[in-house]
Amino acid sequence: MEFSLLYNYPIWSAALAIIIVLIIGLESGFRVGLHQSKERKDAEAGGGGVVLTSMFALMGLVLAFTYASGVSRYDARKHAVTTEANALGTAYLKADLLAEPGRTELKKVLLEYARTRTFEPGSIKTNADRKLAIDSTKEKLAQLWPTTKRIIDNGKPGPLEASLVAAINTVIDAHTTRIMALIDKLPGIVMFMLLFIMTASLAVAGYNAGIQGHISRWRMSAFALVLTGLLVVILDFDRPNTGAVIVTNYSIDAVIEEMENNL
């Protein structure tokens with residue numbers, strides 16, 4: 001599972017790159033417009049105003065949809081964590097109803113697996129870190145079903161055993177759901193398209209200002225900073241373990257604590 005380079009560098013480096021690109025687009029457009037200001041005195045001539053208005057409208061539309069998509073993926077990750085915590089807690093309680101020696105064995109396997117499902121903020125930054133974390137949790141997950149099957153085979157299957165099997169299946173399903181929520185990220189092409197639209201819009205705005213012979217750089221720079229902030233937040237939504245928008249592991253940590261107290 002390889003993620004785009006957008007997610008393998010610190011968020012501040014992405015912000016720096018974005019603001020540089022936007023400022024270059026703005027300044028380039030202004031310089032070109034200033035160069036042609038001798039021939040054209042009206043920025044509205046040739047549909048310049050219509051083009052600029054249309055580009056800003058398109059930029060706002062794409063920004064709104066992209067931001068909403070990022071919030072949706074973030075909410076899905078939070079829901080996946082809560083769902084998995086509930087599944088682990090339920091399976092552990094049902095395992096506690098089994099007779100020995102299967103009870104302690106299954107409870108230990110569930111606890112060891114649960115410990116691989118919580119991650120310290122900032123601990124997963126690169127593709128290598130993600131692969132290591134996923135391989136570790138898959139290794140513990142692989143022990144869960146064989147242990148359950150062995151316990152069921154050694155006893156007389158009944159309603160309790162059937163309920164336990166359903167609970168373990170829910171834990172396995174929750175694992176898949178959470179992995180899919182993790183890898184569901186904004187495609188890099190969408191981010192680059194949005195950055196292109198923003199840069200082109202600022203370049204046209206700079207060009208129109210150049211035609212008129214003057215530009216308010218601090219206002220345009222402030223606008224570029226606002227756009228950069230929005231892009232950074234959208235990127236941050238897809239970094240659930242790093243950055244400012246972090247998916248908390250509190251629910252799973254609480255379940256692990258209860259497991260340890262009741263082992």
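The sections below set out a description of the structure shown in this document.

The rules behind these values
Residues numbered from 1 in each chain as written. Predicted model: local features only at pLDDT ≥ 70, side-chain atom pairs only at ≥ 80, totals over all residues. Heavy atoms only, no water. Helix = DSSP H or I, 4+ residues; strand = E, 2+ residues; numbered from the N terminus. Rg over C-alpha atoms; globule rule 2.2 N^0.38 Å. Buried < 20%, exposed > 50% of the residue type's maximum accessible area, 1.4 Å probe, protein only. Contact = heavy atoms within 4.5 Å. Areas by Shrake-Rupley, 256 points an atom, 1.4 Å probe, with all protein chains shown as cover. Lys, Arg positive; Asp, Glu negative; His and termini not counted. Charge placed at Lys NZ, Arg CZ, Asp CG, Glu CD. Polar contact = N/O pair within 3.5 Å; in protein donor to acceptor, adjacent residues only side chain to side chain. Core = buried A, V, L, I, M, F, W, Y, C linked by side-chain atoms within 4.5 Å. Patch = residues over 30% accessible without salt bridge, like charges linked within 9 Å, V, L, I, M, F, W, Y side chains within 5 Å. Salt bridge = Lys/Arg side-chain N within 4 Å of Asp/Glu carboxyl O. Expected span 1.5 Å × (residues − 1).

Turning our eyes to something else, we now look at the overall build of the protein chain. Assigned secondary structure in the protein chain consists of eight helices and zero strands. When its helices and strands are written in sequence order, the protein chain yields α-α-α-α-α-α-α-α. On C-alpha atoms alone, the protein chain measures out to a radius of gyration of 27 Å, which is more than a quarter above the 18 Å that the 2.2 N^0.38 rule sets for 263 residues. Sorting the 263 residues of the protein chain into buried and exposed places 41% on the buried side. Taking all contacts inside the protein chain whose residues are at least 6 apart in sequence as the whole, residues at least 24 apart take part in 88%. When the accessible area of the protein chain is evaluated, it comes to approximately 14000 Å², of which 64% is carbon and sulfur surface. Once the 26 positive and 25 negative side-chain charges of the protein chain are each reduced to a mean point, those two points are 5 Å apart.

What follows covers the side chain of K107. With respect to the helices and strands, K107 occurs in helix 3 (residues 102–115). Given the relative accessible area of 6%, K107 is considered buried. Not counting residues up to four positions away in its chain, the partners in contact with K107 are Y92, A95, D96, N262 and L263.

Attention shifts here to the side chain of N249. Following the sequence through the fold, N249 ends up in the loop between helix 7 (217–237) and helix 8 (250–261). Judged by relative accessible area, N249 falls into the buried class, the value being 10%. At 2.6 Å, the side chain of N249 and the backbone oxygen of F119 are in polar contact.

Core analysis: the largest hydrophobic core is formed by 30 residues, its most contacted members being L88, L106, L110, L144, V171 and M259. Elements represented by at least two residues in this core include exactly helix 2 (48–95), helix 3, helix 4 (127–154), helix 5 (159–183) and helix 8. For this core, the element with the highest residue contribution is helix 2, accounting for eight residues. Discounting chain neighbours no more than four positions away, the residues touching L110 are A91, Y92, A95, L144, I168 and M259. Of all hydrophobic cores here, the second largest spans 26 residues; its members include L202, I215, L231 and L235.

Turning our eyes to something else, we now look at a nonpolar patch on the surface. The grouping of W12, L16, I20 and I24 at the surface amounts to a nonpolar patch, some 440 Å² of accessible area in total. Relative to the assigned elements, L16 resides in helix 1 (residues 11–35).

Turning our eyes to something else, we now look at the environment of K140. By the element assignment, K140 lies in helix 4. Through-space distance from the C-alpha of K140 to that of Y113 is 5.1 Å; in sequence the pair is 27 residues apart. Apart from the residues within four sequence positions on either side, K140 is in contact with E112, Y113 and T116.

Our focus in this paragraph is helix 5. The end-to-end C-alpha distance of helix 5, which contains 25 residues, comes to 37 Å, matching closely the 36 Å that a straight helix rising 1.5 Å per residue would cover. Residues E161, L164, A167, I168, V171, A174, H175, R178, I179 and A181 constitute the buried set of helix 5.

Let us look at unusual backbone geometry. The bulk of non-glycine residues show a negative phi, and the bulk of peptide bonds are trans. In this model, E100 is joined to P101 through a cis peptide bond whose omega is 5°. Relative to the helices and strands, P101 resides in the loop between helix 2 and helix 3.

Under the counting rule described, the total for this entry stands at 13 salt bridges. Close ionic contact of R31 with E27 constitutes a salt bridge, the shortest N to O distance being 3.0 Å. Here the residue R31 and the residue E27 both occupy positions in helix 1, the gap between them amounting to four residues, near one helical turn. Judged by its relative accessible area of 49%, R31 is partly exposed. E27 sits in the partly exposed class, given a relative accessible area of 23%. Note that R103 is salt-bridged to E100, the shortest N-O span being 3.2 Å.

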